[in-house]
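Architecture at a glance
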Amino acid sequence: RIDALAASPSDTATTPMASARNSISTYVESLQPEVATILKRLAVEFLVSLHRLFMKQKQVTKLENDDELIPISARVNFTLKCSKLVEQDEEYLSLVSETNEIVKTFQNDLRAKIIATAKLEVTKLKAIAVDTFTKNLRMTVQTLLVCESGIP
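Below you will find a few notes about this structure. (Residues numbered from 1 in each chain as written. Predicted model: local features only at pLDDT ≥ 70, side-chain atom pairs only at ≥ 80, totals over all residues. Heavy atoms only, no water.)

Look at helix α3 (residues 33–65): 47 Å from first C-alpha to last across 33 residues, which is about the 48 Å you get at 1.5 Å a residue. Summarising the contacts, the buried residues of α3 are in contact with α2 (16–28) and α4 (90–149). (Helix = DSSP H or I, 4+ residues; strand = E, 2+ residues; numbered from the N terminus. Expected span 1.5 Å × (residues − 1). Contact = heavy atoms within 4.5 Å.)

Structure, rendered in structure tokens:
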């Protein structure tokens with residue numbers, strides 16, 4: 001019989017994103033509730049933008065470091081087929097070889113385009129992260145100034 005109260009390893013394990021969110025919550029707990037709510041929302045928004053950037057950069061790095069890795073969207077499964085009559089013919093075998101080279105070249109060209117597109121996404125995600133940071137920093141400063149001045 002399994003004890004229902006026992007915690008499994010998956011119950012105690014958290015993702016890095018969940019840990020970061022918990023850290024944010026912990027750090028803002030000591031602040032005034034109104035300020036904590038604002039700062040937590042801003043921090044989580046920035047965290048999400050950094051997470052998206054990190055994941056896309058990870059994908060680009062993985063593709064750049066492994067020349068043999070063909071993304072699923074660029075995989076082509078093409079086989080030149082024929083009847084049994086010409087299956088062993090030299091000309092047919094030559095055509096099969098040429099076809100395989102065409103497919104491999106095509107996949108590598110697609111792979112290069114996917115990497116270029118992902119790098120473009122990384123550039124845009126960096127710009128979004130910087131914009132989010134500056135916008136949220138401004139909002140944080142405004143929030144803290146309002147709290148310090150006692151303006152309702």
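So, about the packing of α2 against α3. Contact pair α2 / α3: the axes reach a minimum separation of 10 Å and the direction vectors enclose 155°. Compared by their axis directions, α2 and α3 come out roughly antiparallel. For the pair α2 and α3, the sense of crossing is right-handed. Taken together, the residues of α3 that come into contact with α2 (itself represented by Met17, Ala20, Arg21, Ile24, Ser25 and Val28) are Ala36, Leu39, Lys40, Ala43, Val44, Leu47, Val48 and His51. Across the contact of α2 with α3, the residue classes break down as ten nonpolar, two polar and two charged. (Axes fitted to C-alpha atoms, helices over the stretch in contact; angles between N-to-C directions. Parallel < 35°, antiparallel > 145°, perpendicular 65-115°, else oblique. Left-handed = near helix turned anticlockwise from the far one by under 90°. Nonpolar A, V, L, I, M, F, W, Y, C, P; charged D, E, K, R; others polar.)

Now for a nonpolar patch on the surface. Where nonpolar side chains cluster on the molecular surface, the patch consists of Phe133, Leu137, Val141 and Leu145 and spans about 370 Å² of accessible area. Here leucine 145 lies in helix α4. In this structure leucine 145 comes out as exposed when scored by relative accessible area, which is 56%. (Patch = residues over 30% accessible without salt bridge, like charges linked within 9 Å, V, L, I, M, F, W, Y side chains within 5 Å. Areas by Shrake-Rupley, 256 points an atom, 1.4 Å probe, with all protein chains shown as cover. Salt bridge = Lys/Arg side-chain N within 4 Å of Asp/Glu carboxyl O. Buried < 20%, exposed > 50% of the residue type's maximum accessible area, 1.4 Å probe, protein only.)

Here α2 spans 19 Å end to end across 13 residues, near enough to the 18 Å set by a 1.5 Å rise per residue. Turning to α2, the residues buried within the fold contact α3.

Let us now look at the packing of aromatic side chains. A complete count under the given rule lists one aromatic pair for this structure. A ring pair is formed by phenylalanine 46 and phenylalanine 133, whose centres lie 5.4 Å apart and whose planes are at 50°; its orientation type is tilted. Taken together, the residues span a long stretch of sequence, with phenylalanine 46 in helix α3 and phenylalanine 133 in helix α4 at a distance of 87 residues. A residue is classified by how much of its surface remains accessible, and phenylalanine 133, at 41% relative accessible area, is partly exposed. (Phe/Tyr/Trp six-rings, centres within 6.5 Å; stacked < 30°, edge-to-face > 60°.)

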